[in-house]
Amino acid sequence: TLGGYVGAYIDDGLHSRLLLEVAKELHLKFPLIFKGHDLKYLWSYKYDARYGGIHTHADQAAVNVNLWLTPDEANLHPNSGG
């Protein structure tokens, strides 16, 4: 890929029960943050660490959640969570 990543979007075929469950659980765990803000959009990216990925940007959202899944060896401070 040109930028070193591939992406999938909910309106283009990304239908993951796990991601929808995570969105639901976040809503339940943080009701004051998510009150009145239902899931509107969902996407997922996979990056190749040899490339830069997506440039710094701001998503248009009242509430935006990003989850980064990395191998354990990428955690430079394992005693404090990263």
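Residues numbered from 1 in each chain as written. Predicted model: local features only at pLDDT ≥ 70, side-chain atom pairs only at ≥ 80, totals over all residues. Heavy atoms only, no water.

Caption draft 1: Molecular detail of the overall build of the protein. Tallying secondary structure elements over the protein gives two helices and two strands in all. For the protein, the sequential pattern of α-helices and β-strands runs β-α-α-β. A compact globule built from 82 residues should have a C-alpha radius of gyration of about 12 Å, whereas the protein, at 15 Å, is more than 25% larger. Looking at the protein as a whole, 6% of its 82 residues qualify as buried. For the protein, the share of sequence-separated contacts (at least 6 apart) that also reach a separation of at least 24 residues comes to 69%. Each charge class in the protein can be summarised by its mean position, and for the 7 positive and 9 negative side chains these summaries are 6 Å apart. (Helix = DSSP H or I, 4+ residues; strand = E, 2+ residues; numbered from the N terminus. Rg over C-alpha atoms; globule rule 2.2 N^0.38 Å. Buried < 20%, exposed > 50% of the residue type's maximum accessible area, 1.4 Å probe, protein only. Contact = heavy atoms within 4.5 Å. Lys, Arg positive; Asp, Glu negative; His and termini not counted. Charge placed at Lys NZ, Arg CZ, Asp CG, Glu CD.)

Caption draft 2: Broad picture of the environment of Ser 16. In this fold, Ser 16 is placed in the loop between strand S1 (5-9) and helix H1 (17-29). In this structure the C-alpha to C-alpha distance between Ser 16 and Leu 42, which are 26 residues apart in sequence, comes to 9.7 Å. At a separation of 3.2 Å, a polar atom in the side chain of Ser 16 contacts the main-chain amide nitrogen of Leu 19. (Polar contact = N/O pair within 3.5 Å; in protein donor to acceptor, adjacent residues only side chain to side chain.)

Caption draft 3: Main features of the packing of aromatic side chains. Enumeration according to the criterion identifies six aromatic pairs in this entry. Ring centres of Tyr 5 and Tyr 45 lie 5.5 Å apart, and the angle between their planes is 80 degrees; on these two criteria the pair is classed as edge-to-face. Linking Tyr 5 in strand S1 with Tyr 45 in strand S2 (residues 43-47), this pair joins segments that are 40 residues apart in sequence. Among the residues examined, Tyr 45 registers a relative accessible area of 27% and is labelled partly exposed. Aromatic pair Tyr 5 and Tyr 47: ring centres 5.7 Å apart, planes at 45 degrees, arrangement tilted. In this pair, Tyr 5 is assigned in strand S1 and Tyr 47 in strand S2, connecting sequence segments 42 residues apart. Classification of Tyr 5 by relative accessible area gives partly exposed; the value is 28%. (Phe/Tyr/Trp six-rings, centres within 6.5 Å; stacked < 30°, edge-to-face > 60°.)

Caption draft 4: Up close: the pattern of salt bridges. Under the defined criterion, the tally for this structure stands at one salt bridge. The residue Arg 50 makes a salt bridge to Asp 48 at a minimum N-O spacing of 2.6 Å. The partly exposed category is assigned to Asp 48, whose relative accessible area is 25%. (Salt bridge = Lys/Arg side-chain N within 4 Å of Asp/Glu carboxyl O.)

Caption draft 5: Just the confidence of the model for the protein, in detail. Summing up the model confidence of the protein, the mean pLDDT is 88 and the portion of residues at 70 or higher is 96%. Across the protein, element-level confidence peaks in helix H2 (residues 31-34) with a mean pLDDT of 96 and bottoms out in S2 with 88. (pLDDT = per-residue confidence, 0-100.)

Caption draft 6: Representation of the layout of surface pockets. Looking at the largest pocket, its volume works out to about 1,400 Å³. If you trace the largest pocket, you find 41 residues lining it, with Leu 42, Trp 43, Val 65, Asn 66 and Leu 67 closest to the centre. Elements with a contribution of two residues or more to the lining of the largest pocket: H1 and S2. With eight residues, H1 is the single largest residue contributor to the lining of the largest pocket. The residue makeup of the lining of the largest pocket, split by class, is 23 nonpolar, twelve polar and six charged. (1 Å grid on protein atoms, 1.4 Å probe; cavity = no way out; pocket = protein on both sides within 12 Å on 5 of 7 lines; lining within 4 Å. Points joined across faces, edges and corners; volume = space filled by probe spheres on them. Nonpolar A, V, L, I, M, F, W, Y, C, P; charged D, E, K, R; others polar.)

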